[in-house]
Amino acid sequence: MAKESIEQEAEHLIDPIAAAPHFDNTESRIAVLGHPIHAMSVAFPIALTFCTFGADALYWWTGDVFWARAALWAAGTGFLFGMLAGFSGTAELLLVSGIRARAPAWTHFIIAVTLLALLGANWGYRLYGFEDAVLPYGILLSALCVGMVAITGWHGGKLVFDYRLGTSNKS
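A brief report on the enclosed structure follows.

1. As for the environment of F79
Moving on, step 1. With respect to the helices, strands and loops of the structure, F79 is situated in helix α4 (residues 65–95).
Moving on, step 2. Expressed as a C-alpha distance, the spacing of F79 and W123, which sit 44 residues apart in the sequence, is 7.3 Å.
Moving on, step 3. Not counting chain neighbours up to four residues away, the residues in contact with F79 comprise L116, L119, G120 and W123.

Below, the structure is given as structure tokens:
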């Protein structure tokens, strides 16, 4: 009997966020032919973050300066592509009311901005003396960036797959 009364009460509850106007408006506005730019552009900084860590590990293992230089380039390119992905993601967040209304979108935003700061620090640390920068702090910073990319990507995936944010409402 108690279970039935709880279910009846739950039917009368209204989510104030879901009741907001334009809550269902979650379609991407920053897109090319219906394909969201943010979703397309995040693959590059994610891959380059892993490449930076991999190049650091290979430098540690082999001692070959090539890997330290490769890590410098991967860190810089990952940061710059991350900034492009960040600009398109920020535009989506600010321009689409259905995305802006959801707390998980803001969580993803804050974690992603933190990741961008770490990617920039990783690159900046290597700019003057990339070979000396790898051990021990460069590889530790790269590992931290890999962890942050995993957390940020997981939150971003939840927004797309669970909440359908940034996707087309057309069938």
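So, next bit.
2. A word on the nonpolar core
Moving on, step 1. Counting residues in each nonpolar core, the largest one holds 10 residues, listed as F79, I111, L115, L116, L118, L119, L141, C145, M148 and V149.
Moving on, step 2. Those elements giving two or more residues to this core turn out to be α6 (103–126) and α7 (130–161).
Moving on, step 3. Apart from the residues lying within four places of it in its own chain, the contact partners of L141 are L118, A121 and N122.

3. With respect to the packing of aromatic side chains
Moving on, step 1. If you walk through the whole model with that rule in mind, you get four aromatic pairs.
Moving on, step 2. Summarising the aromatic geometry, the rings of F79 and W123 are spaced 5.9 Å apart at their centres and angled 35° between planes, so their arrangement reads as tilted. Here F79 is found in helix α4, whereas its partner W123 is found in helix α6, with 44 residues between them in sequence.
Moving on, step 3. By relative accessible area, which is 17% here, F79 ends up buried.

4. Points about a nonpolar patch on the surface
Moving on, step 1. Taken together, the side chains of F44, F81, L84 and F87 present a nonpolar region at the surface, about 430 Å² in accessible area.
Moving on, step 2. Looking at which element gives the most residues to the nonpolar patch, the answer is α4, with three residues.
Moving on, step 3. Structurally, L84 can be placed in helix α4.
Moving on, step 4. L84 sits in the exposed class, given a relative accessible area of 53%.

5. Focus: the packing of helix α3 (residues 43–62) against α4
Moving on, step 1. For the pair α3 and α4, the least separation of the axes is 8 Å and the interaxial angle reads 165°. Our classification of the angle between α3 and α4 gives roughly antiparallel. When you trace α3 past α4, the crossing you get is left-handed. Of α4, the residues touching α3 (which contributes F44, P45, L48, C51, T52, A55, D56, L58, Y59 and T62) are V65, W67, A68, A70, A71, A74, A75, T77, G78, F81, G82 and A85.
Moving on, step 2. Split into classes, the residues belonging to the contact of α3 with α4 amount to 16 nonpolar, five polar and one charged.

Conventions adopted
Residues numbered from 1 in each chain as written. Predicted model: local features only at pLDDT ≥ 70, side-chain atom pairs only at ≥ 80, totals over all residues. Heavy atoms only, no water. Helix = DSSP H or I, 4+ residues; strand = E, 2+ residues; numbered from the N terminus. Contact = heavy atoms within 4.5 Å. Core = buried A, V, L, I, M, F, W, Y, C linked by side-chain atoms within 4.5 Å. Buried < 20%, exposed > 50% of the residue type's maximum accessible area, 1.4 Å probe, protein only. Phe/Tyr/Trp six-rings, centres within 6.5 Å; stacked < 30°, edge-to-face > 60°. Patch = residues over 30% accessible without salt bridge, like charges linked within 9 Å, V, L, I, M, F, W, Y side chains within 5 Å. Areas by Shrake-Rupley, 256 points an atom, 1.4 Å probe, with all protein chains shown as cover. Salt bridge = Lys/Arg side-chain N within 4 Å of Asp/Glu carboxyl O. Axes fitted to C-alpha atoms, helices over the stretch in contact; angles between N-to-C directions. Parallel < 35°, antiparallel > 145°, perpendicular 65-115°, else oblique. Left-handed = near helix turned anticlockwise from the far one by under 90°. Nonpolar A, V, L, I, M, F, W, Y, C, P; charged D, E, K, R; others polar.

It is worth stressing that arrangement in space is one thing and function is another; only the former is reported here.
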